[in-house]
Structure formats: C-alpha cells, structure tokens
Amino acid sequence: MARSQEEIEELSICKDAQIMIEKAEKDGVVTVWDRFKAQQPQCTFCKQGLSCRNCSMGPCRIVPGKARSLGVCGANADTIVARNFGRGVAAGAAAHSDHGRDLLETLDAVANSETQSYEIRDVDKLLRIAKELGINTEGKETLQVAKDLSSTLFDEFGIKKGNIGFTMRVPEVRRKLWESLTISPRGVDREVVEMMHRTHMGVDQDPVSLLLHAARVSLSDGWGGSMVATELSDILFGTPKPVESKVNLGVLKEDEINILVHGHSPIVSEAVLTAVRDKNNIERARAAGAKGINLAGLCCTGNELLMRQGIPMAGNHLMTELAIATGVVELVIVDYQCIMPGLIPAMNCYHTKMVTTSPKAKFPGAEHVEFSVKNARTQAQKLVEMAIELYKKRDKNRVLIPVEPVSMMSGFSNEAILEALGGSLAPLLDAIKSGKIRGVAGLVGCNNPRRKHDYCHVTLTKELIKNDILVLGTGCSAVAMGKAGLYMPEAASLAGTGLSSVCKALNIPPALHVGSCVDNSRILHLCGLVAKELGVDISDLPVAGSAPEWYSEKALSIGLYFVASGVYTVLGVTPNITGSKLVTDLALNGLTNVVGACFAVDTDPHKMAELMINHINKKRKKLNLPV
Ligand code: XCC
C-alpha cells in the first residue's frame, strides 16, 4: 500500500527524498525503507551482540542468566559481545585501509612511470609528507621521492617493527599512554589479522583485552590506513582548497547525459572526470542530442570529487536509489563500500546501467568494467561512451528532477583552514581561548533507515553552531549539512554571536566540509596540531565527535579511533553491544579512565548537542577558559 504524505515525511527531512520516495513507489522501485520494513522485527540477539557464528559448533544465541547463558564452547555474553564488536571494528578498519592501499599502489605506479592515467598534482605535499616520515628528499627527483615514500608506506601496512609514522602527529603524552596500554598501532594489516586471530574460538576470551585490541585496530586505521588514503589522495589529485558547488538531486540535468560516481576511492572517479571533460566526448554527447555530460557524486567518492574539483553532489547514502528513480541517470559507476545491492533492481526499472570497476566489488546484474592503475584512462573513455549510448534510450515521460539544487562550499583541508587563518593556528586558538569559538565538533558518518534521514545531522549541527561550536563535517553527514544550506557563509546567521563574528571576518561557513570518511584523519591531525600547540593531550581539548546516523562497520572504527585518541564521541544509533553490561559500561564510562574519553549514545539530536556542549564546557573549565 502506498505511503501517505505524513508517512513519507517521517522517513526524511529532505524535499528531494520525499518527492522521490513517492515516485519510486509509483515506478515500482523497492527502496531501503521498504526492505527495512520487511525485515521487522529484527533479531534481538544480534541487536544486543549476543549471537555468535564464529564456529560450527554454533551458531549460538545467549540468554544471560538463563540456561542458555553460555555458547557451546563456553563463551559468555561479555566475550561474545566483545568479539563481535572487535570483528566489526576490524572490518571497518580493513575497508578504509584497503582503500588507502589502492592509493599507495597508484602512487607507486606513478613513481615507477608505469601509468599514463595518473600524475602527482601536489609536489609540495609529496615533499612535506616524505620529510615528515623521515625520508631524505635533498637533491632527489620528484619521482624518486615518490618511490621512497611509497616504499616506506608499503612497509607500514604490515610494519616490520615499531609504530606507524603518522603517530608522531599525536602529542607525546598520548603516545606514551598508548604505549603503556599496549595499543600503539602497528601496521593495519597486522592489527586486523590479530583481531581475526583473537576472535577465533579458543583464543582471547577477556572482553577488556579484546576491546583494547579493538582500539589498537581502530588507531591503525585512523592514524594509518585512512590517513594514508587522505594524504596520498591529496598528493595525486591535489590538496583541496575552498570551492563552491551544488548539492541535492537538483544537480541532475534533464537536458544532459548524467553520470553518477558512487563509492569511495577517487582513483576511478577522477579518471571518469577527465573523460567527461574531454572535448571530443562533449561533442559526441551533443551529436547524441544532449547539451553536455553532467557528472555528479554520491557518498564518499562524491565527497572526494567535490572537495578537490567542485563536482556537484547528488546525495548521500539513502539517496542512492532515489537518484536512479529520477529517470535521468544513464550510468552509475561504482568502486566499493556503501553501494547497496538494491541499486540493481532499481536501475532495472529504468534505462540506467550500473557498472562495477573494482575486482574487489562485483555485483551480479551490473556490468563489470575493471579499472587498473594502468588502464584507467581507456576504461573511463569506454564508460563515457556507454553513457552516451544509454542516453538515447532514456524515457522522457518517466523523468522527474524534484528540486532546485542548493549551493555549498567545500574544500576545507587542514592546509586550506590554515591558509584561511593567515598561515597559523593562532587565530583559531585565540578565538577558542576567548570563547568566540567555544569548541570544535566533528560530525561524521552515514544515514541509517532507523533514523529519519538527515534529521539528526542537520538538527545537531544547528544546535552546535548556535552554541558557538565550529562543526567539521565528513561523509554523508557533510552532504546532509550541505543540503540544509549550512555550508554557505550566510549560515553564519544561524550561529551564536561569537562563531558568527569569526565566520563573517573570514567569510567562511559555521560548518566546514572537510571531506570523505577517510578524511576524518584530517580531523585527527588537526586535533594533534592544536593539542601540541597548546601543550596538552587531545583529551584535554574542548572538542567532541558524533556519528548521529551511522550504520557501517567503518563508522565503528572511526568512532573508536576518535575515542582512543581522546575525543568524546556521541553515537545516534546504539551499537550491538548492549547484551554485555561490562562492555556497555566500558564503552559509556570505563574508557574515560583508560584513554581519557568514552562514547555516549542518544537518539535525540537536542540531547546529543547537550551532551557535547556539556563536555566542551567541562574541558574549557579544566583549561581555565571562560565558559
Ligand atoms: Fe558510507 Fe562514506 Fe557511511 Fe556514507 S558516511 S554511508 S560509510 S559513504 Ni562514510
């Protein structure tokens, strides 16, 4: 039965989503909300983390305090919950870091002149990062430095000895704390493998020990794999600078060929962009009756293109099927992560084709055009030609572009923030000390059909900026803020007087788009820089993090590396750990005594804001700053 208008408004705060949910229903497209409904009621054992299928004596489902309080092997609820959580963190860290490794392989191929498809666009950053990691750059050719850097970073993935190089960005006091807890991150490959080992039947049964290792895994992602992904993406594709663009489904164009890139890595999307801008292809598109070729992004590969190239953003995670339902999308080109298999039946309702490009992520029903570092240019050309052919099949009677696009600013890398501040952190620190900016919040993560789409992201951001807290956004959270108009300097009118005066002086928005999910490493780095400048630990800073609508295992890793780095983090969706009081207490309280920060969970964005503001005030008081 079709949903009423009220029901649709309960699903999303976004006009484009609301209109398209209705059209999708009419067109017979099954969406994530339909499948979510069909899954109800969901398994309460799994929800609490109390089911285990790590071995074939099971699967087991634990009922604490009852006859079934132990699994067949004898593992109790605490062990099972901690093991499940640890495996989730490991999967998330692996996803980010394997993405980082793809960038590394690309840099290596460029360094060894094995590809014509990519180049080094930010040589200054290459030299800076190489020096930071102890590589001698004196008198060396650029490509030699790139070779040395790639060889150093390859070693770090599985590290031979010691800790990963970027941990030098952390204040010494925190590095020592990590050492004392034996959670200093070694290479991500090693940490993830060790987590899989520990969670095998009959290995680590101690929930505290498992959680500490989960923290170590996450740190090897945040200060390792993700940071490598960010820094190498900047070196290869350019370090982002402030740029204005557009966001929401209104960026799609009725009179042009529309190509969407979806996934995470910039390696494919940058190659597609080059082909889309090729004059001959634009001519071909015109010959096919279109005015041009329009490239737009979805999710994090969209964020990568938006940050560096100003390419418009069609939407975040829950908008991906709805984008197809506009009927104007010729091609969806995907790499990996967050691509719902539900896109395949959705595209089958239209002339749209989905093309997979990574050998790691194939989807039955999608065409596979495999990209490698060497063939990216030719494969991208093939895809653009495919889109031009598909345009001829578009059914003009089934087209609906639901709204006008909204303007947004993007491109706030740490380098760009420093430049906006006149080259040093001093103005930011002064503003924090005076209380004009009371603190900084990182708002990150996904959408989840458990929450009204974008409601928590937007409401929480508005509350924070109203209270003079500068918001840094990444991932799908950033897209939500962009759509709500919070990424334009004019949004300063929604901020408190202090933050608003800073924004007006610098002509920046009160919420800054700092990138994709791997770019949470930019936030970590900034925290490290500020803490070092102030001579304190990261856990002393008036900062907080939040993933208000998270769904993915990557978000688990992100949340945990923020906490393990000393950043209090509020989640808007409860992780599957409530089956263990011990693990839940540790996450929500106990971790503070261990790493100086913990998680909080609340589903109401107003209460989430209150928690974050109270935390920031507490930290300000401790630093003797006005509250
Ligand atoms: Fe995926 Fe990165 Fe989550 Fe969005 S925020 S749903 S992880 S695209 Ni990364």
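What counts and what doesn't
Residues numbered from 1 in each chain as written. Predicted model: local features only at pLDDT ≥ 70, side-chain atom pairs only at ≥ 80, totals over all residues. Heavy atoms only, no water. Helix = DSSP H or I, 4+ residues; strand = E, 2+ residues; numbered from the N terminus. Buried < 20%, exposed > 50% of the residue type's maximum accessible area, 1.4 Å probe, protein only. Areas by Shrake-Rupley, 256 points an atom, 1.4 Å probe, with all protein chains shown as cover. Pairing = 2+ DSSP bridges. Domains from an automatic or database assignment. Contact = heavy atoms within 4.5 Å. Buried area = accessible area lost by both parts, 1.4 Å probe. Salt bridge = Lys/Arg side-chain N within 4 Å of Asp/Glu carboxyl O. Polar contact = N/O pair within 3.5 Å; in protein donor to acceptor, adjacent residues only side chain to side chain. Donors = N, O, S within 2.8 Å, 3.2 Å for Na, K, Ca; no water.

### What about the overall build of the protein?
At step 1: Per the secondary structure count, the protein includes 25 helices and 16 strands.
At step 2: Considering only C-alpha atoms, the protein reaches an extent of 65 × 65 × 50 Å along its principal axes.
At step 3: Among the 627 residues that make up the protein, the fraction classed as buried is 62%.
At step 4: Of the accessible surface of the protein, which amounts to about 23,300 Å², a share of 52% is contributed by carbon and sulfur atoms.

### So, the pairing of strand E4 (residues 257–262)
At step 1: Across the six residues of E4, six count as buried, placing the element largely inside the fold.
At step 2: Residues Ile 257, Ile 259 and Val 261 point to one face of E4 and Asn 258, Leu 260 and His 262 to the other, with burial holding for every one of them.
At step 3: The sheet contact formed by E4 and strand E5 (residues 293–298) spans six bridges and is parallel. Within E5, the position partnered with Val 261 by the bridge is Gly 297.
At step 4: As judged from the five bridges shared by E4 and strand E7 (residues 329–334), these two strands associate in the parallel manner. Directly across from Leu 260, in E7, lies its bridge partner Val 332.

### Here's the deal with the domain arrangement of the protein
At step 1: Taken as a whole, the protein is organised into domain 1 (77–237), domain 2 (244–398) and domain 3 (410–622).
At step 2: Averaged C-alpha coordinates put domain 2 and domain 3 at centres separated by 31 Å.
At step 3: Between domain 2 and domain 3, the contact holds 19 residues from the first and 26 residues from the second.
At step 4: Interface of domain 2 and domain 3: buried area, both sides summed, is about 1,700 Å²; carbon and sulfur atoms make up 68% of it.
At step 5: A per-residue breakdown of the area domain 2 buries against domain 3 is headed by Met 307, Asn 316 and Leu 318, which together make up 36% of the total.
At step 6: Counting across the interface, domain 2 meets domain 3 through zero salt bridges.
At step 7: Where domain 2 touches domain 3, the interface holds 12 residue pairs in polar contact (both at pLDDT 80 or more).

### Overview of the pattern of salt bridges
At step 1: Applying the stated criterion across every chain yields a total of 39 salt bridges.
At step 2: Salt-bridge contacts for Arg 3 lead to Asp 34; the nearest nitrogen and oxygen are separated by 2.9 Å. Within this pair, whereas Arg 3 is found in the segment before helix H1 (5–11), its partner Asp 34 is found in helix H3 (residues 32–38), the two being separated by 31 residues in sequence.
At step 3: The exposure class of Arg 3 is buried, given its relative accessible area of 14%.
At step 4: With relative accessibility at 22%, the residue Asp 34 sits in the partly exposed group.
At step 5: Residues Arg 169 and Glu 132 are paired through a salt bridge, measuring 2.6 Å at the closest nitrogen-oxygen approach. Separated by 37 residues along the polypeptide, Arg 169 in the loop between helix H7 (142–158) and helix H8 (172–181) and Glu 132 in helix H6 (residues 123–132) bring together distant segments of the chain.
At step 6: Residue Arg 169 is classed as buried on the basis of its relative accessible area of 5%.
At step 7: Each member of the salt-bridge network shares a partner with another, and the members are Lys 125, Arg 128, Glu 132, Arg 169, Glu 231, Asp 234, Glu 304, Arg 308, Glu 415, Asp 519 and Arg 522.

### Points about the coordination of the nickel atom of the ligand
At step 1: For the nickel atom of the ligand, the protein contributes exactly one donor atom, Cys 517 (SG), at 1.8 Å.
At step 2: Within the element layout of this structure, Cys 517 appears in the loop between strand E13 (511–515) and helix H22 (520–534).

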